[in-house]
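Each chain is listed here by its residues.
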Amino acid sequence: MKGLELSQRYYEAYGREMIERIDLALLARVSVGLCGEGSQCFGFDDQISQDHDFAPGFCVWLSEEDFSRYGRALREAYDGLPDDFCGFSRKNVIAGERLGVMTSGGFYKRFTGNPEGPQSNMDWLMTPEAHLACAVNGRLFHDQNPAFSRTRERLLAFYPEDVRRKKIAARAAVMAQAGQYNLLRLIKREDKVAASLALARFTEASVSMVHLLNRRYTPFYKWGFYSMRTLPKLGGAVAPLLSALVQIPALIGEKSAGALHEEAFQLTEEICIHTAGELRAQALSRTRDSFLQSHAGEIMEGIEDPQLRAMHPMTDSHN
């Protein structure tokens, strides 16, 4: 059973009645669901995920006013719900703060630093993509808290376009530097560790680039590739190329440097050709060159915000 299904079934069995018992009118003002940290919130969970924090539970989001009035009683009621459900136990929960009764503002502040999400372009730029992914993932089982829904809808609308452009320019620059340039040189030098580091930077930037071009936030690094594979723009084309590319550093010293260089060149070039094509399709760049550094400047020129436009192309938050 997937975590989202387990959570919804647990809410339907006990949660609605719990809220009604505290105050029937509350149902018209709260939102309930499972969102935030954890693979189950993304629907990425499997049997391996069940070793920790996979348990029956859900989130209840209240306004500040309702939390002041009902928060303590609701938390006590939530803590008193059955531990065991559908063969799973709440005793498996380690990060208990991810579930239960909370304010909508507190939930969004945890991921973005602001109860209503990022406010300025700089706020958006410096909020890690993985945090934004956590803020909007999951599923709502009951949605009647307007403050919670309003912020969720604004975040789901994705980055302001100037911020998206800035991030895409940064990804293009890193993909060019780490993959199209340094990775190939390091393979020639037969430096396995440095080549692995360059490949990691190229891979991470490629995964983020595909998400940005699909207007989707990149989740926590261990789920980035898993998420990218299913995205409609570039996901299906880039995933097998990256899967082949990551095999190369392990072969340094076992196959000739020339053969590995040619293989890595072909794979990185194809990834970047696909990427450049989508940049043109989205009118982010008109450049015909497959070297992505050639696109970064043109992408930056399309940014209207003078502060973002004046930044170095590679400037961005760490995910």
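Our subject is the structure that appears above.
Residues numbered from 1 in each chain as written. Predicted model: local features only at pLDDT ≥ 70, side-chain atom pairs only at ≥ 80, totals over all residues. Heavy atoms only, no water.

(A) Looking closely at helix α8 (residues 161-189). Between the first and last C-alpha of α8 there are 40 Å, a value that for 29 residues agrees with the 42 Å anticipated at 1.5 Å per step. The sharpest bend along α8 reaches about 40° and sits at N182. Taken across its 29 residues, α8 has 22 buried, putting it largely inside the fold. Directly beyond the C-terminal end of α8, a positive phi value near 60° is found at E190. (Helix = DSSP H or I, 4+ residues; strand = E, 2+ residues; numbered from the N terminus. Expected span 1.5 Å × (residues − 1). Bend = angle between axes of the 7 residues up to and from the residue. Buried < 20%, exposed > 50% of the residue type's maximum accessible area, 1.4 Å probe, protein only.)

(B) Spotlight on empty space enclosed by the protein. Here the structure, examined in full by the defined rule, presents two cavities of 30 Å³ or more. Here the largest cavity is characterised by a volume of approximately 80 Å³. Forming the walls of the largest cavity are 11 residues, and the residues nearest its centre are E37, Q40, D53, R98 and L99. Quantified by volume, the second largest cavity comes out at close to 60 Å³. Forming the boundary of the second largest cavity are G3, S7, L34, Q40, D53, F54, A55, G57 and L99. Classifying every residue of the lining of the second largest cavity by side-chain character gives four nonpolar, four polar and one charged. (1 Å grid on protein atoms, 1.4 Å probe; cavity = no way out; pocket = protein on both sides within 12 Å on 5 of 7 lines; lining within 4 Å. Points joined across faces, edges and corners; volume = space filled by probe spheres on them. Nonpolar A, V, L, I, M, F, W, Y, C, P; charged D, E, K, R; others polar.)

(C) Quick look at the packing of helix α4 (residues 104-112) against helix α6 (residues 129-136). Interhelical geometry of α4 versus α6 gives an angle of 160° and a closest axis separation of 8 Å. In terms of orientation, α4 and α6 fall into the roughly antiparallel class. Within the contact between the two elements, α4 uses F107, Y108, F111 and T112 and α6 uses H131, L132, C134 and A135. For the contact of α4 with α6, the residue count by class is six nonpolar, two polar and no charged. (Axes fitted to C-alpha atoms, helices over the stretch in contact; angles between N-to-C directions. Parallel < 35°, antiparallel > 145°, perpendicular 65-115°, else oblique. Contact = heavy atoms within 4.5 Å.)

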